[in-house]
Number of protein chains: 2
Amino acid sequence: MLTPSIERLVTELARLPGIGPRSAQRLAFHMMKAPKERSRGLAEALVEMADRLRPCAVCFSFAEAELCPICADPRRDPSLLCAVEEPSAILPIERTHEYRGRYHVLGGALSPIDGVDPGDLRIAELVARIEADDVVELVIATNPTMSGEATALHLADLVRGRVRVTRLASGLPVGADLEHADELTLGRALLGRREL
Amino acid sequence: MLTPSIERLVTELARLPGIGPRSAQRLAFHMMKAPKERSRGLAEALVEMADRLRPCAVCFSFAEAELCPICADPRRDPSLLCAVEEPSAILPIERTHEYRGRYHVLGGALSPIDGVDPGDLRIAELVARIEADDVVELVIATNPTMSGEATALHLADLVRGRVRVTRLASGLPVGADLEHADELTLGRALLGRREL
């Protein structure tokens, strides 16, 4: 009994993570009852985001210009670099207000089983930045998982001797995802980072 | 550190019911990582829905043509009519497969405190349909809440004598919303409907 346009919206909404068919239906009914400007507003935001976002030329996080807001900010310390797996890990670190350096998005973590080798990550770009920017410390903030740890060890072996290499302190539960960590735990982990 | 287009998308997503700022951020990051066609697909679905949906000329549910899919279906029994508060109540009733009549969307429920009087609901249209379509039974499926019950009693008083008036059987927990009822409970309530 749903009209084709409602069916389509429910299908698209149900593709979002954590949104099942029932939630998608509930969201669709909400949008149908709300003023049409609300649907158009969300639609425009989606298109605008898809049109404007591109990788930052320096750190590979999301940008709308050549540089992302952090790489474009002259107040950020270029001698302190933090390597993360994905851009989504940057926001929780920023929320701790404990870090004033820059970031480098690796684009994943090493996982030979899934066919992710060092050549698939932006490691060469990281090494080039360390040399070009006179980086003093590399904070490795990959996830506290098997592949995150393997990536951390690989990076540490690669640049040890050239820069101080640190890792977020344990305190994050193993197997967790950095994206969902609370500020307090993550702030402590950042303050207690240790040499690798 | 979020770019303006990401901030905008997070704001729009956080306006959806049941989606807080963290969930909105998680959804936005998901859309950012997914192929851009996914964002455009959802955006198109939203715009299409906002552009195409209009009230059914007969039952006031959502339609894309003059009539909604149910009013346009000649197999639906026109002598059996079910009054609901909102279009979102139709889908759960359809899922029970216990009902083969038509619907009438009142557009809410009586609530003097909130200033909703009989004149604010599509009651005159309901009475006109009952007469025009030779309706034999009116199933009142307003929510089992104070205002839903008040609406049911008001409707029953209005058309009693002209048609058989029934109400969904109790079995639905009082205070609940029809939209979230499970098929089994709602199917039983429909089968056990009683005279008012």
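Residues numbered from 1 in each chain as written. Chains lettered and ligands numbered in written order. Predicted model: local features only at pLDDT ≥ 70, side-chain atom pairs only at ≥ 80, totals over all residues. Heavy atoms only, no water.

### Points about the packing of helix α1 (residues 4–14) of chain B against helix α2 (residues 21–33) of chain B
Residue and element names in this part refer to chain B. Running from N to C, α1 and α2 point in directions that differ by 125°, and their axes come no closer than 8 Å. Considering the angle they form, α1 stands oblique to α2. The interaxial crossing formed by α1 with α2 has right-handed handedness. Between α1 and α2, the residues in contact are I6, L9, V10, L13 and A14 and P21, A24, Q25, L27, A28 and M32, respectively. For the contact of α1 with α2, the per-class residue count stands at 10 nonpolar, 1 polar and no charged. (Axes fitted to C-alpha atoms, helices over the stretch in contact; angles between N-to-C directions. Helix = DSSP H or I, 4+ residues; strand = E, 2+ residues; numbered from the N terminus. Parallel < 35°, antiparallel > 145°, perpendicular 65-115°, else oblique. Left-handed = near helix turned anticlockwise from the far one by under 90°. Contact = heavy atoms within 4.5 Å. Nonpolar A, V, L, I, M, F, W, Y, C, P; charged D, E, K, R; others polar.)

### Side note on the environment of V136(A)
All names here are of chain A. In this fold, V136 is placed in the loop between α5 (123–132) and β5 (137–140). Between the alpha carbons of V136 and P4 there is a distance of 58 Å; along the sequence they are 132 residues apart. Ignoring anything within four residues of it in the chain, the contact list for V136 reads S79, V163 and R164.

### A word on helix α2 (residues 21–33) of chain A
Look at α2(A): 18 Å from first C-alpha to last across 13 residues, which is about the 18 Å you get at 1.5 Å a residue. The complete set of buried residues in α2(A) reads A24(A), Q25(A), L27(A), A28(A), F29(A), M31(A) and M32(A). On its buried face, α2(A) sits against α1 (4–14) and α3 (36–52) of chain A together with α3 (36–52), β2 (62–63) and α4 (90–95) of chain B. (Expected span 1.5 Å × (residues − 1). Buried < 20%, exposed > 50% of the residue type's maximum accessible area, 1.4 Å probe, protein only.)

### Some points on the pattern of salt bridges
Counting across every chain of the model gives 22 salt bridges over all chains. Between R76(A) and E94(A) there is a salt bridge, with the nearest N and O atoms lying 2.8 Å from each other. With a gap of 18 residues between them, R76(A) in the loop between β2 (62–63) and β3 (77–84) and E94(A) in helix α4 (residues 90–95) connect regions that are remote in the sequence. A single salt-bridge network, built from bridges that share partners, covers R8(A), E44(B), E48(B) and R52(B). (Salt bridge = Lys/Arg side-chain N within 4 Å of Asp/Glu carboxyl O.)

### Comments concerning unusual backbone geometry
Phi is positive for D134(A), which is not a glycine, with a value near 50°. According to the relative accessible area criterion, D134(A) is exposed, its value standing at 58%. The backbone of H97(B) sits at a positive phi, close to 55°, despite the residue not being glycine. Within the element layout of this structure, H97(B) appears in the loop between α4 and β4 (101–105). Residue H97(B) is classed as exposed on the basis of its relative accessible area, which comes to 69%.

### A short note on the state of the cysteines
Counting across every chain of the model gives 0 disulfides over all chains. Cysteine C59(A) remains unbridged, with the sulfur of C68(A) as its closest cysteine sulfur at 3.7 Å. (Disulfide = S-S within 2.5 Å.)

### So, the domain arrangement of chain A
For chain A, the assigned domains read domain 1 (4–52) and domain 2 (73–167). Between domain 1 of chain A and domain 2 of chain A, the C-alpha centre-to-centre distance is 35 Å. (Domains from an automatic or database assignment.)

### A short note on the layout of surface pockets
Approximately 290 Å³ is the volume attributed to the largest pocket. Within the residue set of the lining of the largest pocket, elements represented by two or more residues are α3 and β1 (54–55) of chain A together with α2 and α3 of chain B. With 3 residues, α2(B) is the largest single contributor of residues to the lining of the largest pocket. Class assignment for the residues of the lining of the largest pocket results in 11 nonpolar, 3 polar and 5 charged. (1 Å grid on protein atoms, 1.4 Å probe; cavity = no way out; pocket = protein on both sides within 12 Å on 5 of 7 lines; lining within 4 Å. Points joined across faces, edges and corners; volume = space filled by probe spheres on them.)

### Examining the interface of chain A and chain B
Across the boundary between the two partners, chain A contributes 56 residues, which contact 56 residues of chain B. Taken together, the two surfaces of chain A and chain B that pack against each other cover about 5,600 Å², and 66% of this comes from carbon and sulfur. Across the contact surface, chain A and chain B share 6 salt bridges. In this structure, R8(A) and E48(B) form a salt bridge, with 2.8 Å as the shortest nitrogen-oxygen distance. Where chain A touches chain B, the interface holds 19 residue pairs in polar contact (both at pLDDT 80 or more). Mapped by element, the contributors of at least two residues to the side of chain A that touches chain B are α1, α2, α3, β2 and α4 of chain A. A per-element tally of the side of chain A that touches chain B places α3(A) first, with 16 residues. The residue makeup of the side of chain A that touches chain B, split by class, is 29 nonpolar, 8 polar and 19 charged. (Buried area = accessible area lost by both parts, 1.4 Å probe. Polar contact = N/O pair within 3.5 Å; in protein donor to acceptor, adjacent residues only side chain to side chain.)

### Remarks on the relation of the copies chain A and chain B
With an axial shift of 0.0 Å and an RMSD of 0.1 Å, the rotation relating chain A to chain B amounts to 180°. Within this description, the copies of the chain are treated as partners about a two-fold rotation axis. Judged by C-alpha distance, A43(A) is the residue of chain A that lies nearest the rotation axis, at 2.0 Å. (Least-squares fit on C-alpha atoms with pLDDT ≥ 70 in both.)

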